[in-house]
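# Summary of the model geometry
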Amino acid sequence: MPLFAGRTRIGWLRPELAARLAGWPRVFKSSAEAVRLLDHGGLAPVVHELAEEGFIPGWRDERYRIAGLFEIERAAARPFGLATQAVHVNGIVGDGMWLARRSRTKPTDPGMLDNLVGGGINAALSLQETLVKEAWEEAGIPAELARRATPGGKVELLREVAEGVQCETIHVYDLDLPRDFTPQNQDGEVAELKLVSLEEAQRLVVESDELTVDAALVALDFFSRRSARLASAPASAGRAT
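Remember, predicted model here, so these are calculated numbers, not experimental data. (Residues numbered from 1 in each chain as written. Predicted model: local features only at pLDDT ≥ 70, side-chain atom pairs only at ≥ 80, totals over all residues. Heavy atoms only, no water.)

## What about unusual backbone geometry?
A positive phi angle is found at D61, which is not glycine, with a value near 55°. Its place among the elements puts D61 in the loop between α2 (43-53) and β5 (63-66). Here D61 falls in the exposed class, since its relative accessible area comes to 69%. Positive phi, normally seen in glycine, also occurs at D109, with a value near 50°. Along the chain, the position of D109 falls in the loop between β8 (96-102) and β9 (113-115). (Helix = DSSP H or I, 4+ residues; strand = E, 2+ residues; numbered from the N terminus. Buried < 20%, exposed > 50% of the residue type's maximum accessible area, 1.4 Å probe, protein only.)

Structure follows, in structure tokens:
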């Protein structure tokens, strides 16, 4: 069921949640075709009650800014199918790539392999500030090193997930790390950090289901750009000659 704010579709709702929102007629207007958000200011108490009822699992006590209109608890983004932003970093060491195994207590994708650094961009931070913050928390990367990360592509996700709908833009970065640097998790959300060859990383992405969907697509973005550079190198050298 589409969720609108004015004439703009801002999210997607499962039928059971759409039906429950009819219980707040001052905040939402429900019909057979759509649900419309009437009062941004009335969202917070609704979201808290929905969390108590089990519609919104994994409360984060962190807020996302949605469509430049309002802020909402991060855990509500997927149940409401709201568009969010994230940043992920491919940690590269020569011909190797660092991968992180998510803690088994994580509310999403527990125990799966992930990019070295990744996190949602909350309402209080910019993209660059999020990159620096997550780099330290997830891998112990100091700020001066994290700021050397270079932008890659973007990954657009729109898919049904256990919590609802993931509608997210991931900003991809690559970070060349020193060979003598060993990442160390700081926040307890990573169970393992391991360095694998680029060949093994690509095999894991293509042939296994060990990586999260997000991480696999972010790694593929890196390998696609790397292949393009390698393919163009001989032609460039020929022209230079």
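## Thoughts on the nonpolar core
Formed by 26 residues in total, the largest nonpolar core has its most connected members in L3, L13, L21, F28, L50, I72 and F80. Listed by contribution, the elements that provide at least two residues to this core are β1 (2-5), α1 (15-21), β4 (35-37), α2, β5, β6 (70-73) and α3 (77-80). In contact with L50, other than residues within four places in its own chain, are L17, R20, L21, W24, F55, I56 and F80. Residues L116, A149, L175 and L177 belong to the second largest nonpolar core, which totals 21 residues. (Core = buried A, V, L, I, M, F, W, Y, C linked by side-chain atoms within 4.5 Å. Contact = heavy atoms within 4.5 Å.)

## Side note on the pairing of β6
It is a general feature of regular strands that their side chains alternate between the two faces of the sheet. For β5 and β6, the ladder comprises 4 bridges, and the chain directions are antiparallel. Bridging across to β6, Y64 finds its partner in I72. Connecting β5 to the next strand, β6, in antiparallel fashion are 3 residues, including A67 with a positive phi near 55°. (Pairing = 2+ DSSP bridges.)

## Quick notes on the environment of R148
Note that R148 resides in the loop between α5 (143-146) and β11 (150-161). With a relative accessible area of 57%, R148 lands in the exposed category. Each C-alpha atom of the pair R148 and L175 lies 6.6 Å from the other, and the pair is 27 residues apart in sequence.

## With respect to helix α4 (residues 127-139)
For α4, built from 13 residues, the straight-helix expectation of 18 Å at 1.5 Å per residue is met to within 8% by its first-to-last C-alpha distance of 17 Å. What α4 keeps buried is the set T130, L131, V132, E134, A135, E138 and A139. Its buried side turned inward, α4 meets β7 (83-93), β10 (117-120), α5, β12 (164-176) and β13 (190-197). Following α4 by one or two positions, G140 adopts a phi angle in the positive range, close to 65°. (Expected span 1.5 Å × (residues − 1).)

## Structural notes on the pattern of salt bridges
Tallied over the entire structure, the rule returns 17 salt bridges. For the salt bridge of E49 with R20, the shortest nitrogen-to-oxygen distance reads 3.6 Å. Here R20 lies in helix α1 and E49 lies in helix α2, a separation of 29 residues in the sequence. On the basis of relative accessible area, E49 is assigned to the partly exposed category, the value being 32%. Note that E189 is salt-bridged to K106, the shortest N-O span being 2.8 Å. Here E189 is found in the loop between β12 and β13, whereas its partner K106 is found in the loop between β8 and β9, with 83 residues between them in sequence. Residue K106 is classed as buried on the basis of its relative accessible area of 17%. One salt-bridge network, held together by shared partners, links R20, E49 and E53. (Salt bridge = Lys/Arg side-chain N within 4 Å of Asp/Glu carboxyl O.)

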